[in-house]
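Descriptive analysis of the structure
Given next are the chains, with one letter for each unit.
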Amino acid sequence: MAGSRKSRPADPPAAVRASLARHRVESGRVCVALSGGVDSVVLLHALHRICRDRPIALSACHVDHGLSPNAGHWADFCAALCARLGVPCAIRRVDVRPDGEGLEAAARAARLAALAHEPADVLAFAHHADDQAETVLYRLLRGCGLRGAGGMAACESRPDTAVVLRPLLGLRRADIEAWAHGHGLSWVEDESNRCTTFDRNHVRNVLMPAIQGRFPAVAERLAAAAERFREGDRLLEQLAAIDWRTLAGDEVSASSAGLGDLDPARLCNLLRWRIHALGLRSPAHARLAESVRQLAGSDAGRSLCVDLGDTELCRYRGRFWLQPVVPTRQQASVQWHGEACLPWGGGEIRFDRAHGQGLSPRVLGDRITISARTDGDRLRPHAGGPSRAFKALAQEAGVPPWMRARLPVLRLHGRPCWVAELGIDAAIACAADEIGLVPSWRPPAGVLTRLRGIP
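Please read these numbers as outputs of a predicted model, since none were measured by experiment.

1. Examining the overall build of the protein
Tallying secondary structure elements over the protein gives 13 helices and 20 strands in all. With respect to the three principal axes, the spread of C-alpha positions in the protein is 95 × 55 × 40 Å. Per-residue burial for the protein yields a buried fraction of 43% across its 455 residues. A distance of 3 Å separates the average location of the 59 positive side-chain charges in the protein from that of its 49 negative side-chain charges.

2. Describing the nonpolar core
The biggest cluster of nonpolar side chains holds 38 residues, and the ones touching the most others in it are Phe351, Ile370, Leu410, Leu422 and Trp441. Residue contributions to this core peak at four residues, all from helix 12 (residues 390-397). Residues within four places of Ile370 in sequence aside, it is in contact with Ala332, Ser333, Val334, Trp336, Leu342, Trp344, Ile349, Phe351, Pro408, Val409 and Leu410. In this structure, Val38, Trp74, Cys78 and Trp179 belong to the second largest nonpolar core, which totals 37 residues.

3. Here we look at the sheet that holds strand 7 (residues 254-255)
Spatially, 7-10-9-8 is the arrangement adopted by the four strands of the open sheet, whose pairing is antiparallel. Single-partner strands in this sheet number two, and they are strand 7 and strand 8 (304-307). The pairing of strand 8 with strand 9 (residues 311-316) spans four bridges and is classified as antiparallel. Of the residues in strand 9, the one forming a bridge with Cys305 is Cys314.

4. So, helix 11 (residues 285-295)
Of all the residues in helix 11, the buried ones are Leu288, Ser291, Val292 and Leu295. Across the axial projection of helix 11, the buried residues extend over an arc of 105°, all falling on one side. Residues Ala286 and Arg293 are exposed on helix 11 and point more than 90 degrees away from its buried face.

5. Describing the pattern of salt bridges
Here the structure, examined in full by the defined rule, presents 27 salt bridges. Residues Arg450 and Glu421 are paired through a salt bridge, measuring 3.6 Å at the closest nitrogen-oxygen approach. Of this pair, Arg450 sits in the segment after strand 20 (435-442) while Glu421 sits in the loop between strand 18 (415-419) and strand 19 (423-424), and the two are 29 residues apart along the sequence. One connected set of salt bridges, linked through shared partners, spans Asp130, Asp131, Glu134, Arg172, Arg173, Arg204 and Glu220.

6. Details of the sheet that holds strand 13 (residues 347-355)
Reading across the sheet, the three strands line up as 12-13-20 and stay open at both edges, with antiparallel pairing between neighbours. Only two strands of the sheet have a single partner each, and these edge strands are strand 12 (341-344) and strand 20. Neighbour-to-neighbour, the strand axes of this sheet turn through a mean angle of 30°, independent of strand direction. As paired elements, strand 13 and strand 20 share eight bridges and run antiparallel to each other.

7. Remarks on the packing of helix 10 (residues 264-277) against helix 11
One can describe the packing of helix 10 onto helix 11 by two numbers: an axis separation of 10 Å at closest approach and a directional angle of 110°. When the axis of helix 10 is compared with that of helix 11, the two are roughly perpendicular. For the pair helix 10 and helix 11, the contacting residues are Pro264, Leu267, Cys268, Leu271 and Arg272 in the first and His285, Leu288, Ala289, Ser291, Val292 and Leu295 in the second. A per-class count over the contact of helix 10 with helix 11 returns eight nonpolar, two polar and one charged.

8. With respect to helix 9 (residues 218-246)
In this model, helix 9 (29 residues) spans 42 Å end to end at C-alpha, consistent with the 42 Å of a helix rising 1.5 Å per residue. All of the buried residues along helix 9 are Val218, Ala219, Leu222, Ala225, Ala226, Arg230, Asp233, Ala240, Ala241, Asp243 and Trp244. In this structure, the buried residues of helix 9 make contact with helix 5 (129-141), helix 6 (146-149), helix 8 (199-214), strand 7, helix 10 and strand 10 (319-324). In the segment just after helix 9, Ala248 is the residue with positive phi, at about 60°.

9. So, unusual backbone geometry
Phi is positive for Arg317, which is not a glycine, with a value near 50°. Residue placement: Arg317 occurs in the loop between strand 9 and strand 10. For Arg317, a relative accessible area of 30% translates into the label partly exposed. Although it is not a glycine, Glu421 adopts a positive phi angle of roughly 75°. Exposure remark for Glu421: the relative accessible area of 22% places this residue in the partly exposed category.

10. Comments concerning the pairing of strand 14 (residues 368-371)
Note: strand 11 (residues 334-335) against strand 14, two bridges, orientation antiparallel. Bridge pairing links Val334 to Ile370 in strand 14. Relative to strand 17 (residues 409-412), strand 14 runs antiparallel, the two sharing four bridges. When the sheet's bridge partners are listed, Ile368 is paired in strand 17 with Leu412.

11. Observations concerning the side chain of Thr135
Mapped onto the elements, Thr135 comes out in helix 5. Take Thr135: its relative accessible area is 4%, and that puts it in the buried class.

12. Remarks on the side chain of Ser371
By the element assignment, Ser371 lies in strand 14. A polar contact of 2.7 Å, which involves the side chain of Ser371, links it to the side chain of Arg411. Once you skip the residues sitting within four places of it in the chain, Ser371 turns out to touch Ser333, Trp344, Leu407, Pro408, Val409 and Arg411.

Scoring rules and cut-offs
- Residue numbering note: each chain is counted from 1, following its sequence as written.
- Per-residue local features are limited, in this predicted model, to residues with pLDDT of at least 70; the limit for side-chain atom pairs, both in listing and counting, is 80 or more; totals at the level of whole chains, interfaces and linings are taken over all residues.
- Only hydrogens and water are set aside; all other atoms, that is, all heavy atoms of the structure, feed into the side-chain values.
- A helix here means a DSSP run of H or I that spans at least four residues, while a strand means a run of E at least two residues long, and both kinds are numbered starting from the N terminus.
- Any residue under 20% of the maximum accessible area for its type is buried, any over 50% is exposed, and the rest in between are partly exposed; the area is computed with a 1.4 Å probe on protein chains only.
- Positive: Lys, Arg. Negative: Asp, Glu. His and the chain ends are not part of the count.
- The atom standing in for a charge is NZ when the residue is Lys, CZ when it is Arg, CG when it is Asp and CD when it is Glu.
- By nonpolar core is meant a set of buried Ala, Val, Leu, Ile, Met, Phe, Trp, Tyr and Cys residues that side-chain atoms within 4.5 Å join together.
- Contacts between residues were defined by any pair of non-hydrogen atoms, one from each residue, lying within 4.5 Å.
- Here, strands pair whenever DSSP counts at least two bridges between them.
- Of all possible arcs, the one meant is that of the directions from the helix axis to the C-beta atoms.
- Salt-bridge detection follows one rule: a side-chain nitrogen of Lys or Arg within 4 Å of a carboxyl oxygen of Asp or Glu.
- The convention used is that axes are lines fitted to C-alpha atoms, helices contributing only their stretch in contact, and that angles between N-to-C directions extend from 0 to 180 degrees.
- For classification purposes, angles smaller than 35 degrees are called roughly parallel, those larger than 145 roughly antiparallel, those between 65 and 115 roughly perpendicular, and all remaining angles oblique.
- Polarity classes work like this: nonpolar for Ala, Val, Leu, Ile, Met, Phe, Trp, Tyr, Cys and Pro, charged for Asp, Glu, Lys and Arg, and polar for all others, with Gly in that last group.
- Under the convention used throughout, the expected extent of a helix is 1.5 Å for every residue step, that is, one less than its residue count.
- Two N or O atoms form a polar contact when they lie within 3.5 Å of each other; inside protein one atom must be a possible hydrogen donor and the other a possible acceptor, and for residues adjacent in sequence the pair counts only when both atoms belong to side chains.

Put into structure tokens, the structure is as follows:
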């Protein structure tokens, strides 16, 4: 009978082969995140078998966190294993500094940052079905949203880094270990995996076994639920993209005129989508809901800049957008000594040379300083015209109020001679036959310093 058939034993090489085919990894550079544990060792062996007959350059990377007295032994084991297989192996040592989210999160962040530096097109991780179930349960207990409940994807593209592939995500831990034993493989054991002081280990070693005693298929059920959560999240992303287009959204901002027509939950979804597009973390739901209330409030014409943690929600002149947080603290005045660039406001000021442009070399020397704006600052943008107040020029240029205190100001003998986004003072402008100094400010990536073309 069908119900009495024995399931086929797990075959990690077959799972890896299917994953490579499904995600069209036919050539290029594939790097295995090699911890030395049984899962990553099996993944390395499986990929080694498969890649021998393919135009795929296989490598491995072991990240040494330095948190265990056995860390050096694990690194040596990984290096020796790769040497036997003829696979290049990089050992990257990191300094783990716990922050507000604890040691586990800090170690993970350090590991991912180290792996991101590997010269690879694909980063292969050995996460399996039990890891997926534990991840989903752990995140649900922490109050995650739909995206977090989706767990880990079998394949995901990340900006400015390699594609992440998880070929073993459909296999159980026990099946992977059985295959390793059957093929005489050796591996290392991380003793910290048994320490239930860490939240993730408590889920793995205490909660999951207790749940499995009552619900034997808990790992499969949670993995299936994660897939449905991811489907729901993809649908919400599509809805957000539709709403963004409806609001005349471009690459940076959208119109705030129709915000009142969106349900608050739908607007929250739209903001989360934009935050995710920036590669930043979403704030707590209560904080996001309060920002939605302010954004869609009756006073829609008022300028708005709401701090959401990693992100700022901005509204100005009928447009709204999200951007990374920019430091609000005014920087101390610094003197320019001819450097090609200087840091400012999370970005940098560059100093280039151009024929007939910028500041006249006749007035340049060691007397130029850089500072934030001060009360009473004025600039004469046109020769023969009057000097104008900083605020008026900023309004004319479309610089939002909260950005005005962040703009760098070059001063000659204490008087403004150039202001980012506002230009130079005509009194010291370069003549047509001179090679002038052309300063420019590059703010942090994703930060909007002015609305261009908006009246």
